[in-house]
Amino acid sequence: MDPNRGNNPNNGKKPEGDRPKGSFFTPLMIALILVLLFSWIMNTVEKSQYTETTLSDFFDAKNSGQLAEVELRYDRILYMTKEEAAKDPSRQKACFTGLPSGGDMLALAEELDAAGVKVNNQIVEDNSMIMMILSYAIMIGGMFLLMNLLTKRMGGDGIMGGMGKSKAKVYMEKQTGVTFKDVAGQDEAKESLQEIIDFLHNPQKYTAIGAKLPKGALLVGSPGTGKTLLAKAVAGEANVPFFSISGSDFVEMFVGMGASRVRDLFQQAAKVAPCIIFIDEIDAVGRSRDSRYGSNSEQEQTLNQLLSEIDGFEPSKGIVCLAATNRPEILDKALLRPGRFDRRIIVDRPNLQGRLDTLKVHTRKIRLAEDVDLRKIAQATAGAVGADLANLVNEAALRAVRMGRQAVNQEDLLVSFETVIAGTEKKNTVLTDMEKRLVAYHEVGHALIAALEKHAQPVSKITIVPHTSGALGYTMQMPEEEKFLSTADELRTELRTLVGGRAAEQVVFGVQTTGAANDIQRATSLARNMVTQYGMSEKFGLMSTASVQNQYLDGQAVMDCSQETAAEVDKEVMRLLDSAYTDAKRILTENRQLLDEISEFLLVKETITGDELMAYVNADKTALPEPEQEEK
Ligand code: ADP
Ligand code: ZN
């Protein structure tokens, strides 16, 4: 996701809606009330210990010399008659009465003192009124701080300030500063969104005819394909504020909090309409309410609130709700029905042209050397998404700085691409000579099969320099052009190429090493896909035995056949792998001389290019009258 979200590069203003107004006053009020309640209780408890008398009772006692002890407080007089003191010596000041209005307390105290009564005059002695006010203030202050601390602990503005308020995570940007120019490729998505922009510019045009505009659109695509970027660009193009919140922000511990947050979000948005509300990862709140995906009542309430808010707002106001997800299949059907997020906009992984454009967008502000060929990089990065490419360009720029260069050159870009797929070179891994030989033969095994086969992708580089990813060497293949389909022959070739490493180990050294683990894994999953999904096995023909669960995430397939069939599938996968391995071993045995020569060459040079490899292969082919490899 975009780490800059919420920062506002344009006007530097603090995002609005950060802290709701009530959050300061509410705790203060509560602290005040608590303190008052507390002192009232204390008062009542104290009062219950004494008998209330009248002022004249007090003066009667005083005049008749019956007073034993008196305490003058700022709000009352506590006293004890001699009679009561005699009854219960442990008790003090058994009676109380109000103060004589306008009476001079100091004079009263002196008079009593002169009469031999024990006087405790708090008013005179320690300014108890001020002390009292002070202690109340301290109590209230302390309480206030405690409340704040407690509620912060409980997450966010918690009970006190946040009750019914939206969490600080709603970001509003007055201007996103992003336009469609910043979004490379994605032409179909842009086209669908164009209408929304037009609507935000000029809602009357639509309402005049009576046309209803979609209230929401769902952006669907793999992570990093630029869904957030697109939503921001819509706001930028329409020049309206952009509210963004992540679906997971709605999901709360307390039932009802998420719902109130939704309400608050839409209220805030309504104040500044026209605007865009963007809900990232909507699957966090919008997952289907059946129990299959583990929904709960809090999430259900939040979803219901979201639905009713979407239904509730007047489209003519110009609020458009965009949401992003990479798991559209788990969304609740209610979210997708007409009038809600009924438009689905697919944000795909970019094709060759898209990747090239993305690279161009991200290198706009970067100084490039003459030799840079972005098209080559775009070709090499099949399957990469926008975020990967942005990252790649940045890595290359960092490398150029590290190398003390003024501009980014092609090598920077290629190396940073390799860093992304293989990690950085690991300088201090020490391999024994034997291990090195094994690695070299293993890699050449892959490369040679790829080079000799008709349907293989050309090899662009072979290296036996260890990398931080754990690979002791690797063979890089680069497609010549963008491909969307693979034929069964190509896939079988790929299988042979994948197991070629192990085949070389076996053919040359008669050993099997752990280095082939990754190859084996990839080969197995490819073979499994061929059997279960692509209908490329003799045994099962066109029968599908597995289905893809979430195509925008890892695309994992789940078997949906009986146990017996699954066991048969395993056997078929094994058969495919076996035949690929046998073929690979045969090819390498037949070309043993070539294998040796190239491996020795690689051992010396450590890294060789695809061209160097082909020079060996072609020279050899003209030298030996060997027929082309036809192993079918
Ligand atoms: P998503 O929300 O789909 O996960 P983002 O929109 O957060 O992906 O994309 C992350 C970053 O990748 C963006 O900030 C941008 O730099 C880059 N990016 C992704 N797609 C594109 C694109 N089509 N054009 C230019 N940059 C892109
Ligand atoms: Zn390998």
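For clarity, every value in this text was computed on a predicted model and none was experimentally measured.

Peer 1: Residue-level account of a negative patch on the surface, with values.
Peer 2: Taken together, D187, E188, E191 and D348 make up a surface patch of like negative charges. Its place among the elements puts E188 in helix α7 (residues 187-201). For E188, a relative accessible area of 62% puts it in the exposed group.

Peer 1: Give me the lowdown on the coordination of the zinc ion (ligand 2), citing residues and values where you can.
Peer 2: The protein atoms donating to the zinc ion (ligand 2) are H442 (NE2), H446 (NE2), D519 (OD) and D519 (OD), with metal-donor distances spanning 2.0 to 2.8 Å. Considering all four donor atoms around the zinc ion (ligand 2), angles at the metal cover 52 to 142° and the coordination shape is irregular. When the donor residues of the zinc ion (ligand 2) are listed from N- to C-terminus, their spacing reads H-x3-H-x72-D. Taken as a pair, H446 in helix α19 (residues 433-452) and D519 in helix α21 (residues 517-532) lie far apart in primary sequence, 73 residues in all. Among the residues examined, H446 registers a relative accessible area of 8% and is labelled buried. The exposure class of D519 is buried, given its relative accessible area of 10%.

Peer 1: An account of the packing of aromatic side chains is requested, with residue identities and associated values reported.
Peer 2: For the structure shown, the criterion picks out six aromatic pairs. Residues Y441 and F509 carry aromatic rings whose centres are separated by 5.2 Å and whose planes lie at 90° to one another, so their mutual orientation is edge-to-face. You can see Y441 sitting in helix α19 and its partner F509 sitting in helix α20 (residues 488-509), a full 68 residues away along the chain. Owing to a relative accessible area of 3%, Y441 belongs among the buried residues under this scheme. Taken together, the ring pairs in this structure connect F58, F59 and Y79 into an aromatic cluster.

Peer 1: Describe the sheet that holds strand β12 (residues 459-463), with residues and values.
Peer 2: Spatially, β13-β12-β16 is the arrangement adopted by the three strands of the open sheet, whose pairing is antiparallel. Either end of the sheet is taken by a strand with one partner, and the two such strands are β13 (474-477) and β16 (607-609). On average, each strand axis in the sheet is tilted by 10° relative to the strand beside it, whichever way the strands run. As defined by bridge partners, β12 adjoins β16 across three bridges and the pair is classed as antiparallel. Within β16, the residue paired with I462 across the bridge is I608. Sheet strands in contact with helix α23 (residues 592-605) are β12 and β16, and its direction is about 120° off that of β16.

Peer 1: Outline the nonpolar core, listing residues and values.
Peer 2: Judged by nonpolar contacts, the single largest core of 46 residues is most densely connected at L448, L495, I598, L613 and V617. Elements represented by at least two residues in this core include exactly α19, β12, α20, α21, α22 (563-590), α23 and α24 (610-623). By residue number, the principal contributor to this core is α19, which donates ten residues. Apart from residues no more than four positions distant in its own chain, L495 is found in contact with A523, L526, A527, M530, L576, L577 and A580.

Conventions adopted
Residues numbered from 1 in each chain as written. Chains lettered and ligands numbered in written order. Predicted model: local features only at pLDDT ≥ 70, side-chain atom pairs only at ≥ 80, totals over all residues. Heavy atoms only, no water. Patch = residues over 30% accessible without salt bridge, like charges linked within 9 Å, V, L, I, M, F, W, Y side chains within 5 Å. Areas by Shrake-Rupley, 256 points an atom, 1.4 Å probe, with all protein chains shown as cover. Salt bridge = Lys/Arg side-chain N within 4 Å of Asp/Glu carboxyl O. Lys, Arg positive; Asp, Glu negative; His and termini not counted. Charge placed at Lys NZ, Arg CZ, Asp CG, Glu CD. Helix = DSSP H or I, 4+ residues; strand = E, 2+ residues; numbered from the N terminus. Buried < 20%, exposed > 50% of the residue type's maximum accessible area, 1.4 Å probe, protein only. Donors = N, O, S within 2.8 Å, 3.2 Å for Na, K, Ca; no water. Tetrahedral: all angles 85-135°; square planar, octahedral: opposite > 155°, others 65-115°. Phe/Tyr/Trp six-rings, centres within 6.5 Å; stacked < 30°, edge-to-face > 60°. Pairing = 2+ DSSP bridges. Axes fitted to C-alpha atoms, helices over the stretch in contact; angles between N-to-C directions. Contact = heavy atoms within 4.5 Å. Core = buried A, V, L, I, M, F, W, Y, C linked by side-chain atoms within 4.5 Å.

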